[in-house]
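Chain and residue survey
These are the residues of each chain, in order.
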Amino acid sequence: MKLTPLADRVILKMVETEETTKGGIILTGSAKEKPSVAEVISVGPGGNVDGKDVVMTVKPGDKVITSQYAGSKVTLDDVEYVVVRQSEILAIVD
């Protein structure tokens, strides 16, 4: 099965975070923050969304930062993805 985003939607896969701090402290599950860095898996075509032309600026393989609670979670083949609008992406990480 394959996910194909529509309009200005982007499919993201969250990047795993380190479980230890720089000082060597191991974090428990409740102490870790939700990761906000994700990899772009698939990008919609853009086009006319809500009366405005949307040009997609992200591409598959980009690392991006999103707000903590952005998008909708979808699980497919035991892999969790997040579907967000391009406008919910805050930055591209180089």
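Read on for a plain summary of the structure.

Conventions and cut-offs
- Residues numbered from 1 in each chain as written.
- Predicted model: local features only at pLDDT ≥ 70, side-chain atom pairs only at ≥ 80, totals over all residues.
- Heavy atoms only, no water.
- Pairing = 2+ DSSP bridges.
- Helix = DSSP H or I, 4+ residues; strand = E, 2+ residues; numbered from the N terminus.
- Salt bridge = Lys/Arg side-chain N within 4 Å of Asp/Glu carboxyl O.

1. Brief notes about the pairing of strand 2 (residues 37–43)
By the bridge criterion, 5 bridges tie strand 1 (residues 9–14) to strand 2 in an arrangement that is antiparallel. The residue of strand 2 that forms the bridge with Met14 is Ala38. Pairing geometry for strand 2 and strand 5 (residues 63–66), over 3 bridges, is antiparallel. Among the inter-strand pairings, Val37 is bridged to a residue of strand 5, identified as Ile65.

2. Considering unusual backbone geometry
Of note, Asp50 is a non-glycine position whose phi angle comes to about 55°, a positive value. Here Asp50 lies in the loop between strand 3 (47–49) and strand 4 (52–54). You will see that Asp77, though not glycine, has its phi angle at about 55°, which is positive. Within the secondary structure layout, Asp77 lies in the loop between strand 6 (72–76) and strand 7 (79–85).

3. Digging into the pattern of salt bridges
In the structure shown here, the tally under the stated rule is 4 salt bridges. The partner of Arg9 in a salt bridge is Asp8, and the shortest N-O contact between them spans 3.3 Å. As a salt-bridge pair, Arg85 and Asp8 come within 3.2 Å of each other at their nearest N and O atoms. Of this pair, Arg85 sits in strand 7 while Asp8 sits in the segment before strand 1; the two residues are 77 residues apart in sequence, bridging distant segments of the chain. The network of salt bridges with common partners includes Asp8, Arg9 and Arg85.

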